[in-house]
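Okay, here's what each chain looks like letter by letter:
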Amino acid sequence: MPSGRGFGGDMAAAAASANSDMFDEIVMAEERFHGEGYQEGYAEGSHVGVIEGRRYGSLHGAKIGSEIGCYLGFALTWQCLLQKCMDEKNSKKIRVLDSLIGMIQKFPYEDPTYDKLQEDLEKIRGKFKQECV
């Protein structure tokens, strides 16, 4: 006589196993899609971030270059004008202008990774303000 688990029992076990496998596939599909979506989003975000960072860097670099160019033009013009009438007061101004021009010429235009870029830019701004007072 067959045991309680005959042919019908094997079918029930197979059906339960199939149901379990389908449930696992659904759960795993959700995890898989979540992972794939994350990877695609991360790649797209990285790409867009690089483009946006490059655009921002170019714009910010152009503003700094324009600012420094303005300071240099100012300093060279006044240096030329003040050398025509040398006195004690103008001599001091020329020394400040020479210092400003030297700082601008040493500014690292080609190295955006320069550690003291902002610090040197602030020194140039301060020297410019000193000359304008």
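In what follows, the structure referred to is the one given above.
Keep in mind the model is a prediction, meaning the values are calculated, not measured.

**Overview of the overall build of the protein**
Helix and strand content of the protein: 3 helices and 0 strands. Each helix and strand of the protein, ordered N terminal to C terminal, gives the series α-α-α. Burial statistics for the protein: of 133 residues in total, 19% are counted as buried. Across the protein, every contact between residues at least 6 apart in sequence was considered, and the portion connecting residues at least 24 apart equals 58%. Split by element, the accessible area of the protein, about 10,300 Å² in all, is 60% carbon and sulfur.

**Things to note about helix α3 (residues 117-132)**
Taking 1.5 Å of rise per residue, 16 residues should cover 22 Å, and α3 covers 23 Å from first to last C-alpha, within 8% of that figure. Of the positions making up α3, those classed as buried are Leu117, Asp120, Leu121, Ile124, Lys127, Phe128 and Glu131. Taken down its axis, α3 places every buried residue within 120 degrees of arc, on the same side.

Cut-offs and rules
- Residues numbered from 1 in each chain as written.
- Predicted model: local features only at pLDDT ≥ 70, side-chain atom pairs only at ≥ 80, totals over all residues.
- Heavy atoms only, no water.
- Helix = DSSP H or I, 4+ residues; strand = E, 2+ residues; numbered from the N terminus.
- Buried < 20%, exposed > 50% of the residue type's maximum accessible area, 1.4 Å probe, protein only.
- Contact = heavy atoms within 4.5 Å.
- Areas by Shrake-Rupley, 256 points an atom, 1.4 Å probe, with all protein chains shown as cover.
- Expected span 1.5 Å × (residues − 1).
- Arc of directions from axis to C-beta.

Nothing here speaks to function; it is all geometry.
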